[in-house]
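Architecture and fold: a report
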Amino acid sequence: MSKELKKEAMSRFVDFINTADGQLAKELISPEAVFHVPGRAEPMRGPEGYLAIIGMMRSGFPDIQWALDELILDEDKVAARFTMTGTHRGTFFGVPPTGKPIRVKAINIYHFLNGQIVEEYGQPDLLGLMQQIGALPPQ
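Residues numbered from 1 in each chain as written. Predicted model: local features only at pLDDT ≥ 70, side-chain atom pairs only at ≥ 80, totals over all residues. Heavy atoms only, no water.

**Digging into the environment of Ser-30**
Examined against the element boundaries, Ser-30 turns out to sit in strand S1 (residues 29-36). The exposure class of Ser-30 is buried, given its relative accessible area of 7%. When the C-alpha atoms of Ser-30 and Phe-112 are compared, they prove to be 9.0 Å apart, with 82 residues separating the residues in sequence. Residues within four places of Ser-30 in sequence aside, it is in contact with Gly-46, Pro-47, Gln-116, Ile-117 and Val-118. (Helix = DSSP H or I, 4+ residues; strand = E, 2+ residues; numbered from the N terminus. Buried < 20%, exposed > 50% of the residue type's maximum accessible area, 1.4 Å probe, protein only. Contact = heavy atoms within 4.5 Å.)

This is the structure:
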């Protein structure tokens, strides 16, 4: 997969995570894909697993949006740095809604095969997020 195709796939992936479009999920994510999610003992799998991840984030932050800040492209991998923004309007990890805005960085590594994502290692700044919603004291 060329660098240009990976850039295009990541642009479409950002559209997917910002809209939770099921059709884009099926196009971009392999049915066998594995997503390693912080705080979960077992990975999520396939397009449905990724839609569940987005659903969990949207349940706490209904207006959440991801902006792609940087891409590093390799042969079959992409490293992406994102900024997530949203407003805490629903319970998130047991924390009731506070109405506080969040601005959180994340770095994810994606593995591609045949033009689809087959694996992701996601690392959002959950400590910073929990501090921003008042669940933990600021540093």
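**With respect to the packing of aromatic side chains**
Enumeration over the complete set of coordinates arrives at 7 aromatic pairs. Residues Phe-13 and Tyr-110 carry aromatic rings whose centres are separated by 5.1 Å and whose planes lie at 65 degrees to one another, so their mutual orientation is edge-to-face. Taken as a pair, Phe-13 in helix H1 (residues 3-19) and Tyr-110 in strand S5 (residues 101-113) lie far apart in primary sequence, 97 residues in all. The burial state of Phe-13 is the same as that of Tyr-110; both residues are buried. Ring centres 4.5 Å apart and planes at 80 degrees place the aromatic pair Phe-35 and Tyr-50 in the edge-to-face group. Here Tyr-50 lies in helix H3 (residues 46-60) and Phe-35 lies in strand S1, a separation of 15 residues in the sequence. For Tyr-50, a relative accessible area of 6% gives the class buried. Among the aromatic side chains, those forming a connected cluster through ring pairs are Phe-13, Phe-16, Phe-35, Tyr-50 and Tyr-110. (Phe/Tyr/Trp six-rings, centres within 6.5 Å; stacked < 30°, edge-to-face > 60°.)

**Overview of the side chain of Arg-58**
Looking at the secondary structure, you find Arg-58 in helix H3. Notably, Arg-58 is buried but unbridged: the nearest opposite-charge side chain belongs to Asp-63, and the N-O separation is 7.3 Å. Ignoring anything within four residues of it in the chain, the contact list for Arg-58 reads Ile-17, Asn-18, Thr-19, Ala-20, Ile-64 and Gln-65. (Lys, Arg positive; Asp, Glu negative; His and termini not counted. Salt bridge = Lys/Arg side-chain N within 4 Å of Asp/Glu carboxyl O.)

**A look at H3**
With 15 residues, H3 should reach 21 Å at 1.5 Å per residue; the first-to-last C-alpha distance of 22 Å fits that figure. Listed as buried for H3 are Gly-46, Pro-47, Gly-49, Tyr-50, Ile-53, Ile-54, Met-57, Arg-58 and Gly-60. (Expected span 1.5 Å × (residues − 1).)

**Looking at the pairing of strand S4 (residues 77-87)**
Pairing geometry for strand S3 (residues 65-73) and S4, over 8 bridges, is antiparallel. Paired with Leu-71 across the bridge in S4 is Ala-80. Between S3 and S4, which follow one another and run antiparallel, lie 3 residues. (Pairing = 2+ DSSP bridges.)

**What to know about the environment of Gly-122**
Relative to the elements of secondary structure, Gly-122 occurs in strand S6 (residues 116-124). C-alpha separation for the pair Gly-122 and Tyr-110, spaced 12 residues apart in sequence, amounts to 8.5 Å.

**Structural notes on the layout of surface pockets**
A water-sized probe rolled over the atoms picks out the places where empty space is left. By volume, the largest pocket amounts to about 400 Å³. Lining the largest pocket we find 25 residues, and of these Val-37, Ile-53, Met-56, Met-57 and Pro-124 sit closest to its centre. Here the element with the most residues in the lining of the largest pocket is H3; it accounts for 6 residues. Residue composition of the lining of the largest pocket, grouped by class: 19 nonpolar, 4 polar and 2 charged. (1 Å grid on protein atoms, 1.4 Å probe; cavity = no way out; pocket = protein on both sides within 12 Å on 5 of 7 lines; lining within 4 Å. Points joined across faces, edges and corners; volume = space filled by probe spheres on them. Nonpolar A, V, L, I, M, F, W, Y, C, P; charged D, E, K, R; others polar.)

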